[in-house]
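Observations on the three-dimensional arrangement
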Amino acid sequence: MKIQKQQLEDLNKSGISDHKTKFDFLTQSLSKDGTDVENIINKLAEFQVAIPSWALGAGGTRFGRFSYGGEPASLEQKIEDIGLIHSLTQTAGAVSLHIPWDVPNDYQAIKELAALNKIKFDAVNSNTFQDQKDQKETYKYGSLSNTSVAVREQAIAHNKEVIEIGNKLGSKSLTVWLADGASFPGQNNFQTALTHTQNSLIDIYEDMPADWKMFIEYKPYEPYFYSTVIQDWGTSLMLANGCGERAYTLVDLGHHLPNTNIEQIVSILMLKGKLGGFHFNDSKYGDDDITVGSIKPYALFLIFNELVYGMQNNPQNPELGWMIDASHNLKDPLEDLIQSLEAIQEAYAKALLIDQNALRAAQEAHDVTRCQEILQEAYRTDVRPLVREARLKTGGVINPIAAYRKLEVREQLIKERGKNTIATGL
Ligand code: LRH
Ligand code: MN
């Protein structure tokens, strides 16, 4: 299914005047405070978030999976679905593949299809947390950290294969997340596990093309429940430093113990020039992988405040890899992803409204109330007219969810693909 340009324009007709009224009103009040609205619109329009290839079908938990109908059964159909989301939002211009779930059959064809949909290939993800059919060594007791040389070498070889696949597609980064850990005290020697992991990552790092980055993703627990080798940002930072200047830490919002101050972690990693990428999602308890901004929108805003400050003050930190990492158990995966993209744009827009100089001055003056007032003034501003204007300016629609439903996209996909197709992924 492809959405034609004319359809997008027709969809905007009914809402354009109401949008202009709200946009003009907001622009006037913001310009009065000296806000450069044009600059914010351009930044929102440039902000592209990679869609995870593993989150375009119905996700599942160990308690069950409820299929959605019309799910993409091939990488080609996944690219088409991301193309649908991108044509409506104009902010999903990239895909992050997970190997071996999404190995291309025809590289040339998949690159042409992606280009047709204005989709770039962002970070590729290795997978040494599942055993593949006819795999020689099992990852049951770990991969890059395993006590067995044979298992470590197999896992290293897999990561090098993932780099090759990504390289053929034009990707420039590898994300390594390890399930490696233990569920019982005494099961692992922590020092040996970490040392094996460091040496394995160095082996992979040295095999990366010179213009590639490595993202090391941390997680405190799951699938194991006593210890995880790469459990927190400090361990990931240490391993990245151990690899070299093109290795960075990847922050998945769901990979923090309750009440962790994630914005402080983001700030420190940017100061150290070691924040490589993000996996956006939201959670109430664990790694729930639910819609961005659906539980803790203020926390997301505070994270974007540190990101905006870092992007303005930390030239030592590279351009960040923005990705969503979610799993959809209840909602239409494409609607869920559209909602996440909107929440990300709104948090970024609100953070761009923060008067960073006034905030610095209030911090210097220890005027705590003023500091909070400056943040909350921005947070309490309804920035949706700015986000909509950025979409309109780039050929998207004013209200993506309404457009998705008006076009009956899911019904169309079910007609084309049937009710029982199952997408690879989580
Ligand atoms: C681990 C994780 C990681 C992916 C997987 C799909 O929880 O966040 O980023 O490999 O989800
Ligand atoms: Mn993740």
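Residues numbered from 1 in each chain as written. Chains lettered and ligands numbered in written order. Predicted model: local features only at pLDDT ≥ 70, side-chain atom pairs only at ≥ 80, totals over all residues. Heavy atoms only, no water.

Some words on the nonpolar core
- By size, the foremost hydrophobic cluster in this structure holds 111 residues, and its most contacted members are Met214, Phe278, Phe280, Phe304, Leu307 and Leu386.
- By residue number, the principal contributor to this core is helix α11 (residues 333-353), which donates twelve residues.
- Not counting residues within four places of it along the chain, the set of residues in contact with phenylalanine 304 comprises Phe47, Phe280, Ile344, Ala347, Tyr348 and Ala351.
- Core analysis: the next-biggest nonpolar cluster, separate from the first, contains seven residues, Ala50, Ala123, Phe215 and Met323 among them. (Core = buried A, V, L, I, M, F, W, Y, C linked by side-chain atoms within 4.5 Å. Buried < 20%, exposed > 50% of the residue type's maximum accessible area, 1.4 Å probe, protein only. Helix = DSSP H or I, 4+ residues; strand = E, 2+ residues; numbered from the N terminus. Contact = heavy atoms within 4.5 Å.)

Description of the coordination of the manganese ion (ligand 2)
- At the metal site, the manganese ion (ligand 2) is ligated by Glu217 (OE), Asp252 (OD), His279 (ND1) and Asp325 (OD), and these contacts range over 2.1 to 2.2 Å.
- For the manganese ion (ligand 2), the six donor atoms in the first shell make angles of 71 to 167° at the metal, a pattern classed as octahedral.
- In primary sequence terms, the donor set of the manganese ion (ligand 2) follows E-x34-D-x26-H-x45-D. Of this pair, glutamate 217 sits in strand β7 (residues 213-217) while histidine 279 sits in strand β10 (residues 275-280), placing them 62 residues apart in sequence. Residue glutamate 217 shares its accessibility class with histidine 279, and that shared class is buried. (Donors = N, O, S within 2.8 Å, 3.2 Å for Na, K, Ca; no water. Tetrahedral: all angles 85-135°; square planar, octahedral: opposite > 155°, others 65-115°.)

Here we look at unusual backbone geometry
- With an omega dihedral of 15°, the bond running from isoleucine 99 to proline 100 counts as a cis peptide bond.
- Topologically, proline 100 is positioned in the loop between β2 (94-96) and α5 (107-116).
- Cis rather than trans, the peptide bond between glutamate 222 and proline 223 has omega equal to 10°.
- One can find proline 223 in the loop between β7 and β8 (227-228).
- Phi angles above zero are rare outside glycine, and glutamine 90 is one such case at about 55°.
- Tracing the backbone shows glutamine 90 in the loop between α4 (75-89) and β2.
- Assessed through its relative accessible area of 15%, glutamine 90 is described here as buried.
- Even without being glycine, aspartate 289 reaches a positive phi, approximately 50°.
- You can see aspartate 289 is positioned in the loop between β10 and α10 (297-313).

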